[in-house]
Amino acid sequence: MDVLALLADGFATSLSPVNLMIVIIGVTAGLFIGAMPGLGSVNGVAIVLPLTFIVPPSSAIILLAAIYYGAMYGGAVSSVLLGIPGASTAVATTFDGRPMAQQGKAGLALIAAAVASFVGGTISVVLFTLFAAPLADLALAFGPAEEFALVLLAFTTFVGLGGDDILKTIVMICLGLVLSTVGLDLISGQPRLIFGDMPGFYSGISFLVLAIGVYGVGEVLHTIETSKSAPAVTPARLTFRELADGLRRMNRLWKTMSIGSFLGFFVGMLPAAGATPASLMAYGIAKTTSREPESFGKGNIEGVAAPETANNAASTGSLLPMLTLGIPGSPTTALLLGGMVMWGLVPGPMLFIEQPDFVWGLISSLYTANFAAVAINLALIPLFVWALRMPFTVLCAMVLVLCIVGGFAPSQKMHDVWLIAGFGIAGYLLRKADYPLAPLVLALVLGPLMEKSFRQTLIAEQGDMMAFVERPLSATFIAIAVLFFLLPLIKVWRARSGKAAISPAE
């Protein structure tokens, strides 16, 4: 009952006319920021952060959280319509969202993304409200060994999935891990793989540069090659009947969205994990548990719903360690943490006692922002779908411009623009050779976390490899990972055994 009373007080704060207007403005701005390739929630919050001094701290955090939520929703827009992830958190949405748009189902894909985002956000906010203290204790128990085992499990889900060439999948994971080591060594600080002492490689290879290159430029090159007469992009409409049909179809995906929501919230609350690994893991699990895994990557609506529920749930989960422990769960929450410090607030367990109005105003604003985001997103879908009616030549040129601007804006280095061009050509060639791009992206995102947790564990345990299997949670993750890795071999063995049993009978 205390929780309900505190939440009611929070709603009194978040539903005031000023704060309600701030939520609507923040969500709308975040939606367009998230839809712009190369921007995303991190840049959106960073741009607005200096402006928050003109409002009280409670209104400031509500504005930034609304932008954060809106950007999570908006990331799916460019993923579906252009095939370019608006942010790293939306890359998994591209795998099936873009094929759906090419099949004339752009409206359905955007409806799926909006509804899945709403479900993931709602479930995660409820979990945040009810279980903040116990989940904070669990996050403290999650050490480097568990982090390494969780990342290993994420890789093996891709290896154990049907549909892709296993050897090619492993090759792409290894390539992504190699690219993730470019830059300065985590322990010694020595430069690694900087290709002739090129200054641009000292800061490593940005995920956005790779994603924009292989999914943006590579997609344009592939489309130009496969489109003999440069046809117009498939037109798409969105009526109230189609909206109702889309909502009915989403009702059948409750299992996928539930798994994505709980997984996203759990992974999001782990320090240094965030929404991107959560969305990629949710996509892998959805493909593993699907009755039609071979349809993933070809326009399966589950492939849109799973990552969207996970990345929105993770965005809420990442707020938990920030508020309770003072440890940001994602780059965006690191900016929010900096804002709280600037406003004179000290994150940690005492924040709930000393500043209950601030904390519960923020929690209640997440409910408000979630409802506002889904309403605004669904209302603007016809505007986004209308973009598909642009001539093919104009659309390709616009995508290339967005790719260049999106890659240059975060770092403002021409080095990244040249990398985008290189990755674009590489992505085009890899696609022609039927190499899956998702494992490459996953490895680049999770590679630094995997290396850091692996080396931290070995340093703490003085090189004892048994540390990874002596901890119960880590051992469980590793056992499941081994099972996924062996799954293709088991399938091959069973297939050969079946053929051997049939041959004598013939």
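Conventions used here
- Residues numbered from 1 in each chain as written.
- Predicted model: local features only at pLDDT ≥ 70, side-chain atom pairs only at ≥ 80, totals over all residues.
- Heavy atoms only, no water.
- Helix = DSSP H or I, 4+ residues; strand = E, 2+ residues; numbered from the N terminus.
- Buried < 20%, exposed > 50% of the residue type's maximum accessible area, 1.4 Å probe, protein only.
- Polar contact = N/O pair within 3.5 Å; in protein donor to acceptor, adjacent residues only side chain to side chain.
- Contact = heavy atoms within 4.5 Å.
- Phe/Tyr/Trp six-rings, centres within 6.5 Å; stacked < 30°, edge-to-face > 60°.
- Lys NZ or Arg CZ within 6 Å of the ring centre and 35° of its normal.
- Patch = residues over 30% accessible without salt bridge, like charges linked within 9 Å, V, L, I, M, F, W, Y side chains within 5 Å.
- Areas by Shrake-Rupley, 256 points an atom, 1.4 Å probe, with all protein chains shown as cover.
- Salt bridge = Lys/Arg side-chain N within 4 Å of Asp/Glu carboxyl O.
- Axes fitted to C-alpha atoms, helices over the stretch in contact; angles between N-to-C directions.
- Left-handed = near helix turned anticlockwise from the far one by under 90°.
- Nonpolar A, V, L, I, M, F, W, Y, C, P; charged D, E, K, R; others polar.
- Expected span 1.5 Å × (residues − 1).
- Bend = angle between axes of the 7 residues up to and from the residue.
- Arc of directions from axis to C-beta.

- Where an unreviewed UniProt entry is consulted, the protein appears under the name Tripartite tricarboxylate transporter permease, with the organism given as Kangsaoukella pontilimi.

Description of the side chain of T309
Link 1 in the chain: Inspection of the secondary structure puts T309 in helix 13 (residues 302-317).
Link 2 in the chain: The exposure class of T309 is buried, given its relative accessible area of 0%.
Link 3 in the chain: Polar contacts involving the side chain of T309 include one to the main-chain carbonyl oxygen of A306, which spans 2.7 Å.
Link 4 in the chain: Those residues within four positions of T309 in sequence are excluded, and the remaining contacts are A116, G120, T256, M257, G260 and S261.

Some points on the packing of aromatic side chains
Link 1 in the chain: Within the structure shown, the criterion is met by six aromatic pairs.
Link 2 in the chain: On the numbers, 5.1 Å between centres and 70 degrees between planes, the contact of F118 with F371 is edge-to-face. With a gap of 253 residues between them, F118 in helix 6 (residues 106-141) and F371 in helix 17 (residues 356-386) connect regions that are remote in the sequence.
Link 3 in the chain: Among the aromatic side chains, those forming a connected cluster through ring pairs are F95, Y283 and F296.
Link 4 in the chain: The ring of Y435 carries the charged tip of K168 above its face, separated from the ring centre by 5.0 Å.

Quick look at a nonpolar patch on the surface
Link 1 in the chain: The grouping of V482, L483, F485, L486, L489 and I490 at the surface amounts to a nonpolar patch, some 530 Å² of accessible area in total.
Link 2 in the chain: On the accessibility criterion, L486 (37% relative accessible area) is partly exposed.

Quick look at the packing of helix 11 (residues 254-268) against helix 12 (residues 275-289)
Each pair of packed helices gets described by two things: the angle between the helix axes and the distance between those axes.
Link 1 in the chain: Look at helix 11 against helix 12: their axes get within 9 Å of each other, and the N-to-C directions meet at 145 degrees. Crossing of helix 11 against helix 12: the hand is right-handed. Mapping the contact onto sequence places T256, I259, G260, L263, G264 and V267 in helix 11 and A278, M281, A282, I285 and A286 in helix 12.
Link 2 in the chain: Of the residues belonging to the contact of helix 11 with helix 12, the class tally is eight nonpolar, three polar and no charged.

Quick notes on the side chain of D185
Link 1 in the chain: Here D185 lies in the loop between strand 1 (183-184) and strand 2 (191-192).
Link 2 in the chain: Within the structure, the side chain of D185 is placed 2.9 Å from the side chain of R455, a separation counted as a polar contact.
Link 3 in the chain: Residues contacting D185, with those up to four places away along its chain left out, are Q190, R192, E451 and R455.

Digging into the pattern of salt bridges
Link 1 in the chain: Overall, the coordinates contain five salt bridges when judged by the stated rule.
Link 2 in the chain: Among the ionic pairs, D185 bridges to R455, the shortest N-O distance being 2.9 Å. Here R455 lies in helix 20 (residues 438-460) and D185 lies in the loop between strand 1 and strand 2, a separation of 270 residues in the sequence.
Link 3 in the chain: Put simply, D185, R192, E451 and R455 are held in one network by salt bridges that share partners.

Remarks on helix 4 (residues 57-81)
Link 1 in the chain: Compared with the 36 Å implied by 1.5 Å per residue over 25 residues, the 37 Å span of helix 4 between its first and last C-alpha is a close match.
Link 2 in the chain: At M72, helix 4 is deflected by roughly 25 degrees, the largest bend along its length.
Link 3 in the chain: Among the 25 residues that make up helix 4, 23 are buried, leaving the element largely enclosed by the rest of the structure.
Link 4 in the chain: After helix 4 finishes, the residue G83 shows a positive phi value of roughly 75 degrees.

Details of helix 8 (residues 166-180)
Link 1 in the chain: Taking 1.5 Å as the rise per residue, helix 8 with 15 residues should run 21 Å; its terminal C-alpha atoms sit 21 Å apart, in good agreement.
Link 2 in the chain: Turning to helix 8, its buried residues are T169, M172, I173, G176, L179 and S180. Buried residues in helix 8, looked at end-on, bunch into an arc of 125 degrees, giving them a common side.

Regarding the packing of helix 5 (residues 91-102) against helix 13
Link 1 in the chain: Relative to each other, helix 5 and helix 13 sit at 145 degrees, their axes nearing to 8 Å. Crossing of helix 5 over helix 13 shows left-handed handedness. Mapping the contact onto sequence places A92, T93, D96, G97 and M100 in helix 5 and G303, V304, P307 and E308 in helix 13.

So, unusual backbone geometry
Link 1 in the chain: For L193, which is not glycine, the phi torsion reads 50 degrees and is therefore positive.
Link 2 in the chain: Among the secondary structure elements, L193 is positioned in the loop between strand 2 and helix 9 (207-226).
Link 3 in the chain: Overall, L193 belongs to the partly exposed group, its relative accessible area being 43%.
Link 4 in the chain: The backbone of D434 sits at a positive phi, close to 65 degrees, despite the residue not being glycine.
Link 5 in the chain: Along the chain, the position of D434 falls in the loop between helix 19 (414-432) and helix 20.

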